[in-house]
Structure formats: C-alpha cells, structure tokens
Amino acid sequence: IMLDCLPKMIVHAQFHQKTKDEITILLQIDRNYFILDYEKRLIKEAKKCLGENMRVIVKLVDEIPRSASGKYRLIVNECQE
C-alpha cells in the first residue's frame, strides 16, 4: 500500500528492519521515471503506516538480492528487540 503512492517505476522493493525504530526501503527502480519528490512521498506514506517516530531510509539500488530459494523477499526483519 505504501508503494501505491509512486508511479509504476518500481522493479523490486524490499523493506529491511534491523531495529524497532528504523526501516530501510531498498528500491530497484526504472531511473528514467524516478524523481526526488517520489522519495519524499514514500517516506511520508511509510511514516503514516509505521508511525511518525519511525526512521525511514530510502536506498536506490541496482539490484535487490534474491533469497536462497531464488525468490524476492518483500520484508526482511532482523530486529532482535
């Protein structure tokens, strides 16, 4: 739902959480269509869903690694708390 705020330029996305108050959103995108405003919009939508105190980091990546089974994982939670 958070990603619905962006045009159809996302190839793959992954939400990666290592701590309870921070999430990193990895985006593999079509760079021809991405503008900085989309990153700000995604952070705003993420905070609406996850809470205003959540630190949201967006990283544009060339590729999102597949899991051992060969699939893309949408959510990776390594939170120990």
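(A) The arrangement of the overall build of the protein in detail. Looking only at helices and strands, one finds one helix and four strands in the protein. Whereas a compact globule of 81 residues would reach a radius of gyration of roughly 12 Å, the protein reaches 13 Å, a difference of no more than 12%. Residue burial in the protein is summarised as follows: out of 81 residues, 31% are buried. Sequence separation of at least 24 residues holds for 66% of the intrachain contacts in the protein that already meet a minimum separation of 6. In the form shown here, the protein has an accessible surface area of approximately 5800 Å², with 49% of it arising from carbon and sulfur atoms. For the protein, the centre of its 14 positive side-chain charges and the centre of its 12 negative side-chain charges are spaced 1 Å apart.

(B) Focus on the environment of Thr 19. Following the sequence through the fold, Thr 19 ends up in strand β1 (residues 10–19). Between the alpha carbons of Thr 19 and Asn 77 there is a distance of 8.6 Å; along the sequence they are 58 residues apart. A polar atom in the side chain of Thr 19 sits 3.0 Å from the side chain of Asp 21. A polar atom in the side chain of Thr 19 sits 3.4 Å from the backbone nitrogen of Glu 22.

(C) Examining the sheet that holds β1 more closely. Taken in spatial order, the four strands make up an open sheet running β3-β2-β1-β4, and their pairing is mixed. Two strands lie at the open edges of the sheet, namely β3 (55–60) and β4 (75–77), each paired on one side alone. In this sheet, adjacent strand axes meet at a mean angle of 20° when their direction is disregarded. Pairing between strand β2 (residues 22–29) and β3: six bridges, direction parallel.

Criteria and thresholds
- Residues numbered from 1 in each chain as written.
- Predicted model: local features only at pLDDT ≥ 70, side-chain atom pairs only at ≥ 80, totals over all residues.
- Heavy atoms only, no water.
- Helix = DSSP H or I, 4+ residues; strand = E, 2+ residues; numbered from the N terminus.
- Rg over C-alpha atoms; globule rule 2.2 N^0.38 Å.
- Buried < 20%, exposed > 50% of the residue type's maximum accessible area, 1.4 Å probe, protein only.
- Contact = heavy atoms within 4.5 Å.
- Areas by Shrake-Rupley, 256 points an atom, 1.4 Å probe, with all protein chains shown as cover.
- Lys, Arg positive; Asp, Glu negative; His and termini not counted.
- Charge placed at Lys NZ, Arg CZ, Asp CG, Glu CD.
- Polar contact = N/O pair within 3.5 Å; in protein donor to acceptor, adjacent residues only side chain to side chain.
- Pairing = 2+ DSSP bridges.
- Axes fitted to C-alpha atoms, helices over the stretch in contact; angles between N-to-C directions.

On their own, these measurements won't tell you what the molecule is for.
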